[in-house]
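Residues per chain, in single letters:
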Amino acid sequence: MTSQLTASAANPVLRVPPATPAAAVAYFGASLAFHADVSDVAAALAADGDPGFVVLDSRSTASWDQGHVPGAIHLPTALIAEQARDLLDPAVPVVTYCWGPGCNGATRAALALAELGYQVKEMLGGFEYWAREGFEFETWEGRERRTADALTAPVDSDDCGC
């Protein structure tokens, strides 16, 4: 037992022990309530019918023009407080995104919307992973699609198995 404790103390992964299963269920369940995967958003938007949510791009106009999710609503974070009520139905959940995982703009947008009473999720990976996973996007010049990056999406399948 002592050698196991010594090994755990030296191991940076186990230096802080894993949470209890009950705590893990609470944490990961909550995480899924707050986040949506790029692939799941794309699949829901591609399916027939109403996906039950709207997608909101919280970036600047210049960023929006460079590329955005087709059908997304453009509402920069700084304008949410004054324009959200004119653009969004409070009864419809909102999925926010910004540039990518290195940007917390979608988190700030989600917070601003939640403070106004909207149900909201953040799209993990943002526009970067939308494009990297090979989903079609719109620019000021029209629609584009890039080849899926093998590090972010399966090469020979639409299903990553996650």
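What counts and how
Residues numbered from 1 in each chain as written. Predicted model: local features only at pLDDT ≥ 70, side-chain atom pairs only at ≥ 80, totals over all residues. Heavy atoms only, no water. Helix = DSSP H or I, 4+ residues; strand = E, 2+ residues; numbered from the N terminus. Buried < 20%, exposed > 50% of the residue type's maximum accessible area, 1.4 Å probe, protein only. Polar contact = N/O pair within 3.5 Å; in protein donor to acceptor, adjacent residues only side chain to side chain. Contact = heavy atoms within 4.5 Å. Pairing = 2+ DSSP bridges. Axes fitted to C-alpha atoms, helices over the stretch in contact; angles between N-to-C directions. Salt bridge = Lys/Arg side-chain N within 4 Å of Asp/Glu carboxyl O.

Undergrad: Help me out: how do you make sense of the environment of Pro12 in this one?
TA: For Pro12, the position within the fold is in the loop between helix 1 (2–10) and helix 2 (21–34). With a relative accessible area of 61%, Pro12 lands in the exposed category. Here the alpha-carbon distance between Pro12 and Ala47, two residues 35 residues apart in the chain, equals 43 Å.

Undergrad: Is there a simple way to explain the side chain of Thr96 in this structure?
TA: As for its placement among the helices and strands, Thr96 is situated in strand 4 (residues 94–97). Here Thr96 falls in the buried class, since its relative accessible area comes to 0%. Polar side-chain contacts of Thr96 include one of 3.0 Å to the backbone oxygen of Ala106. Ignoring any residue separated from it by four or fewer positions in sequence, one finds Thr96 in contact with Leu56, Ala106, Ala109, Ala110, Leu113, Val120, Lys121, Glu122 and Met123.

Undergrad: What is the right way to read the pairing of strand 5 (residues 120–124) from this model?
TA: On any regular strand, side chains alternate: one points to one face of the sheet, the next to the other face. As defined by bridge partners, strand 1 (residues 35–37) adjoins strand 5 across three bridges and the pair is classed as parallel. Residue pairing for strand 5: His35 is matched across the bridge by Glu122.

Undergrad: What's the story with the sheet that holds strand 2 (residues 54–57) in this structure? I'm lost.
TA: Strand pairing in a sheet relies on backbone hydrogen bonds, with the paired strands running either antiparallel or parallel. With respect to topology, five strands assemble into an open sheet ordered 1-5-4-2-3, the strand pairing being parallel. For this open sheet the edge positions go to strand 1 and strand 3 (73–74), each flanked by a neighbour on one side alone. Sitting on the sheet, helix 6 (residues 105–115) is in contact with strand 2, strand 4 and strand 5, with an inclination near 150 degrees to strand 4.

Undergrad: Looking at this model, I keep getting lost on the pattern of salt bridges. Mind explaining?
TA: Side chains that differ in sign of charge can pair as their charged atoms come close. Applying the stated rule across the entire model yields five salt bridges. Here Asp57 ties to Arg59 by a salt bridge, and the two come within 2.7 Å at their closest N and O atoms. In this structure Asp57 comes out as buried when scored by relative accessible area, which is 0%. Salt-bridge contacts for Arg132 lead to Asp149; the nearest nitrogen and oxygen are separated by 2.6 Å. With Arg132 in helix 7 (residues 126–132) and Asp149 in the segment after strand 7 (142–144), this residue pair connects regions lying 17 residues apart in the sequence. Under the relative-accessibility criterion, Arg132 is labelled partly exposed at 25%. Three or more residues joined by partner-sharing salt bridges are found here, namely Glu128, Arg132 and Asp149.

Undergrad: I would appreciate a short explanation of the environment of Leu116 in the present structure.
TA: Checked against the element boundaries, Leu116 lands in the loop between helix 6 and strand 5. With relative accessibility at 24%, the residue Leu116 sits in the partly exposed group. Separated by 31 residues in the primary sequence, Leu116 and Arg85 have C-alpha atoms spaced 8.8 Å apart. Not counting the four nearest positions on each side in its chain, Leu116 is found in contact with Ile80, Ala81, Ala84 and Arg85.

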